[in-house]
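# Chains, contacts and geometry: an overview
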Amino acid sequence: MFGLEISSVPVILPVLEQQLHANFQDMQWIMNAYTIACTSVLMATGTLADRYGRRLVFALTVLAFGIASLLCGLAPDTLSLVLARFMQGMAGGAMFICSIAILSHQFPDGRARARAFAIWGVVAGVGLGFGPVIGSAIAAVTSWHWVFIVHAPLALLCLRLIWAGVAESRDAKARDQPLDWGGMLALSVAVLGLTSLITQGQSLGWRSPAALALAALTVLGLAGFIVAERTHPHPMFDFSVFRIRDFSGAMLGCVGMNCSYWPFMIYLPLYFTAGLGMDVAAAGFALLAYTVPFL
């Protein structure tokens, strides 16, 4: 569901532009609301899942994702869709991080864990790789609403699978430790400010008061996060992991991919439809040349 939602929505943006009478900035917000919300909850969700139970938090976030998807599909206007997308992004980011924690705990053996994450990666890759053609097919056969609504029954199916196959787990030590509320809040503010600045800086004007306020908010949030992690007796993030070369290298690789591969997922569908005159179905099939090799 997480991968499908990322890659299936960009291809229907031209349809949303026509039927919701959205302008280019509206379409940016339809995409960016999901991204901003998703990135702002990752660290906090991991901490809460360790404390209150990974299966419980995972199930709640899957349920929230299904409800938010239903609200997206029923949105009567652009503003309602953007707000519902923000809710969907928060649930999606939390759902994503919980799934990783659950797999890590449920498969402690190295070979079994490698196999589990391989299957997890393939399933996520199928959603990402075939999302454009699935989204365009749904929009062509029914309407754009079902590109979102389809996640509601999928969420119910996922909840059934969680109940049947996921063992509850938590960090025994986390229960007795005070929550790092300062760190969670500061990091969420920093990520929210930075992603908002990156995605909206051009339209706001890089030297505008709003953009400068976002930049200041980002710096203050990051500084507050560092101070909170240095002073809290049980911080949620250990900066010493950056001394591990494999970890730091993987992070740099992720940064590179996010700065190169993913932006085209938004702009290519717009170019195919507005620039080359393709219909939604043709744009979805054309995107397969970009997404399937990634899978």
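Structure report, in brief. Keep in mind that this is a model prediction, so the values were computed, not measured.

### Let's talk about the nonpolar core
- Among the nonpolar cores identified, the biggest contains 27 residues, and I12, L13, L16, I30, L81, W144 and F148 are the most heavily contacted of them.
- If you list the elements that add at least two residues to this core, you get α2 (13-19), α3 (24-40), α6 (78-106), α8 (145-149), α13 (263-275) and α14 (280-291).
- Excluding anything up to four places from it in sequence, F148 contacts E5, V9, I12, S69, C72, G73, L81, R85 and Q88.
- Within the second largest apolar cluster, 16 residues are counted, among which are F2, F58, A91 and I102.

### As for the state of the cysteines
- Here the structure, examined in full by the defined rule, presents zero disulfides.
- Just so you know, C72 is unpaired, no disulfide at all, and the nearest cysteine sulfur is the one on C38, 13 Å from it.
- The buried category is assigned to C72, whose relative accessible area is 0%.
- With no disulfide partner, C254 has as its closest neighbouring cysteine sulfur the one in C259, 11 Å distant.
- With a relative accessible area of 33%, C254 lands in the partly exposed category.

### Remarks on the pattern of salt bridges
- In total, this model carries two salt bridges according to the counting rule given.
- E5 is the partner of R85 in a salt bridge, and the nearest nitrogen-oxygen pair spans 2.8 Å. Taken together, the residues R85 in helix α6 and E5 in helix α1 (residues 2-8) connect sequence positions 80 residues apart. For the pair formed by R85 and E5, the shared burial category is buried.
- Across the salt bridge formed by R54 and D50, the nearest N and O atoms sit 3.0 Å from each other.

### Structural notes on the packing of helix α10 (residues 181-204) against helix α11 (residues 209-231)
- Interaxial distance between α10 and α11 falls to 7 Å at its minimum, and their mutual angle equals 155 degrees. In terms of axis orientation, α10 runs roughly antiparallel to α11. Like other packed secondary-structure pairs, α10 and α11 cross with a definite hand, here left-handed. In this structure, α10 contributes G182, G183, A186, L187, V189, A190, G193, L194, S196, L197 and L204 to the contact, and α11 contributes A210, A211, L214, A215, L217, T218, G221, L222, G224, F225, A228 and E229.
- Residue composition of the contact of α10 with α11, by class: 15 nonpolar, seven polar and one charged.

Each value, and the rule that gives it
- Residues numbered from 1 in each chain as written.
- Predicted model: local features only at pLDDT ≥ 70, side-chain atom pairs only at ≥ 80, totals over all residues.
- Heavy atoms only, no water.
- Core = buried A, V, L, I, M, F, W, Y, C linked by side-chain atoms within 4.5 Å.
- Buried < 20%, exposed > 50% of the residue type's maximum accessible area, 1.4 Å probe, protein only.
- Helix = DSSP H or I, 4+ residues; strand = E, 2+ residues; numbered from the N terminus.
- Contact = heavy atoms within 4.5 Å.
- Disulfide = S-S within 2.5 Å.
- Salt bridge = Lys/Arg side-chain N within 4 Å of Asp/Glu carboxyl O.
- Axes fitted to C-alpha atoms, helices over the stretch in contact; angles between N-to-C directions.
- Parallel < 35°, antiparallel > 145°, perpendicular 65-115°, else oblique.
- Left-handed = near helix turned anticlockwise from the far one by under 90°.
- Nonpolar A, V, L, I, M, F, W, Y, C, P; charged D, E, K, R; others polar.

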